[in-house]
Protein chains: 2
Amino acid sequence: MKTYTSREVSAITGLSIPTLRYYESIGLLDSVQRADNSHRRYSDDDLRRIEFLKRVRATGMSISEMGRYVDLFRAGDETLAQRLDVLLAHRQRVQAQMDALADTLDFLDAKIARYHDLQAQQAAMPEAAS
Amino acid sequence: MKTYTSREVSAITGLSIPTLRYYESIGLLDSVQRADNSHRRYSDDDLRRIEFLKRVRATGMSISEMGRYVDLFRAGDETLAQRLDVLLAHRQRVQAQMDALADTLDFLDAKIARYHDLQAQQAAMPEAAS
DNA sequence: GCTTGACATAAAGTGCACTTTAGGTTGTAC
DNA sequence: GTACAACCTAAAGTGCACTTTATGTCAAGC
């Protein structure tokens, strides 16, 4: 089974090596396998977990809620409904953020258009103030 | 000219009174007018500024970049091009965030669908484990 | 055999964006 | 005239998510 060093995982995921260790230390990752020299060897499963964590983190899930999800996952099948709740709650947040961003995108575009108009006016009378 | 108390501005904008004071203290707001008892009286201009700040803040602009924009604004017409740059840069970030969120929304929907399937299976054989 | 580099750990530090605290003034309500 | 609420200030504190530091181990290359 293929494994990856810290350096490799960091390069693949974009998370720093300290962040990977931090995530492991707070239980977001299960204890990572070690080589004989005690260096970490991440598995493909670890990688998938990390990519998942990175994704939900980047879209606004807190570390503590990520922990809650991981704990439920570890507890097994009978927590399926609760995990679904976490996912649905996050889906809601993601949707709400998208709506807010779409709103602000329109706002910015309108403002940017006004700025372009103002610039055109300034260019048309470059000596107006002197 | 209509003015608003701290309490009113807080209610309208959703920012806390300490946050409003904090924004003023770091120069994101121009010095707010005072009543005779030294209590703040916010103007409509202040309100518009606050709503703008709230909007860009909520979509990921840092306080320091907000400060940069406000400083440029105060400096007058000759900073128009630089302000436009700030707006365009933020527009870019907003667009990028929306793309990332859209991606994650798809990811979540796929995962949620799988969870629903799993739940259906569990419901179909409720005694499987016993 | 000694430097170098990649890892390890535990603990302390950092940056950001506020929030809370402590102590004070002012104007209305009883 | 005194209690109370609504504000004020400056300074310290908080929570989050990491990051940095100090110190140590181990294997490979010169």
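Residues numbered from 1 in each chain as written. Chains lettered and ligands numbered in written order. Predicted model: local features only at pLDDT ≥ 70, side-chain atom pairs only at ≥ 80, totals over all residues. Heavy atoms only, no water.

Participant: When you look at the protein's contact with DNA strand D in this model, what are you seeing that I'm missing?
Facilitator: The immediate surroundings of DNA strand D are formed by 16 residues, with Ser 16, Thr 19 and Arg 57 of chain A together with Arg 7 and Arg 21 of chain B found nearest. Near the protein, within 4 Å, the atoms of DNA strand D are sugar or phosphate in 87% of cases. Measuring from a phosphate oxygen of DNA strand D, one finds a side-chain N or O atom of Arg 7 of chain B at 2.5 Å. Between DNA strand D and the protein, one listed contact pairs a phosphate oxygen with a side-chain N or O atom of Arg 34 of chain B at 2.8 Å. Of all the elements in the fold, those that place two or more residues in the surface near DNA strand D are helix H2 (17-25) of chain A together with helix H1 (6-13) of chain B. Among the elements that take part in the surface near DNA strand D, H2 of chain A stands out by supplying four residues, more than any other. Considering only residue class, the surface near DNA strand D consists of four nonpolar, seven polar and five charged. (Near = heavy atom within 4 Å. Polar contact = N/O pair within 3.5 Å; in protein donor to acceptor, adjacent residues only side chain to side chain. Helix = DSSP H or I, 4+ residues; strand = E, 2+ residues; numbered from the N terminus. Nonpolar A, V, L, I, M, F, W, Y, C, P; charged D, E, K, R; others polar.)

Participant: Before we go on, may I ask you to explain the interface of chain A and chain B in this structure?
Facilitator: How big an interface is tends to be expressed through the accessible area that disappears when the partners come together. Each partner contributes to the interface: chain A provides 33 residues, whereas chain B provides 33 residues. Its largest share of buried area at the contact with chain B, chain A owes to Arg 55, Leu 101 and Tyr 115 of chain A, together 20% of the area lost on that side. The tally of links between chain A and chain B comes to four salt bridges. Across the pair Arg 91 of chain A and Asp 109 of chain B runs a salt bridge, and its minimum N-O distance is 2.5 Å. Connecting chain A to chain B are ten residue pairs in polar contact (both at pLDDT 80 or more). Taken together, the elements giving at least two residues each to the side of chain A that touches chain B come down to helix H3 (44-58) and helix H5 (80-124) of chain A. (Contact = heavy atoms within 4.5 Å. Buried area = accessible area lost by both parts, 1.4 Å probe. Salt bridge = Lys/Arg side-chain N within 4 Å of Asp/Glu carboxyl O.)

Participant: How should the pattern of salt bridges be read in this particular structure?
Facilitator: Opposite charge on two side chains lets them pair, provided their charged atoms get close. Overall, the coordinates contain 16 salt bridges over all chains when judged by the stated rule. For Arg 40 of chain A, the salt bridge goes to Glu 24 of chain A, with nearest N and O atoms at 2.6 Å. With Arg 40 of chain A in strand S2 (residues 40-41) and Glu 24 of chain A in helix H2, this residue pair connects regions lying 16 residues apart in the sequence. With relative accessibility at 15%, the residue Arg 40 of chain A sits in the buried group. Across the pair Arg 74 of chain B and Asp 71 of chain B runs a salt bridge whose closest N-O atoms are separated by 3.4 Å. With Arg 74 of chain B and Asp 71 of chain B both in helix H4 (residues 63-75) and three residues apart, the pair spans about one turn of that helix. Accessibility expressed as a relative area gives 40% for Arg 74 of chain B, which makes it partly exposed. Taking relative accessible area as the criterion, Asp 71 of chain B reaches 45% and is therefore assigned partly exposed. One continuous salt-bridge network, built from bridges that share partners, spans Asp 30, Arg 49, Asp 71 and Arg 74 of chain A. (Buried < 20%, exposed > 50% of the residue type's maximum accessible area, 1.4 Å probe, protein only.)

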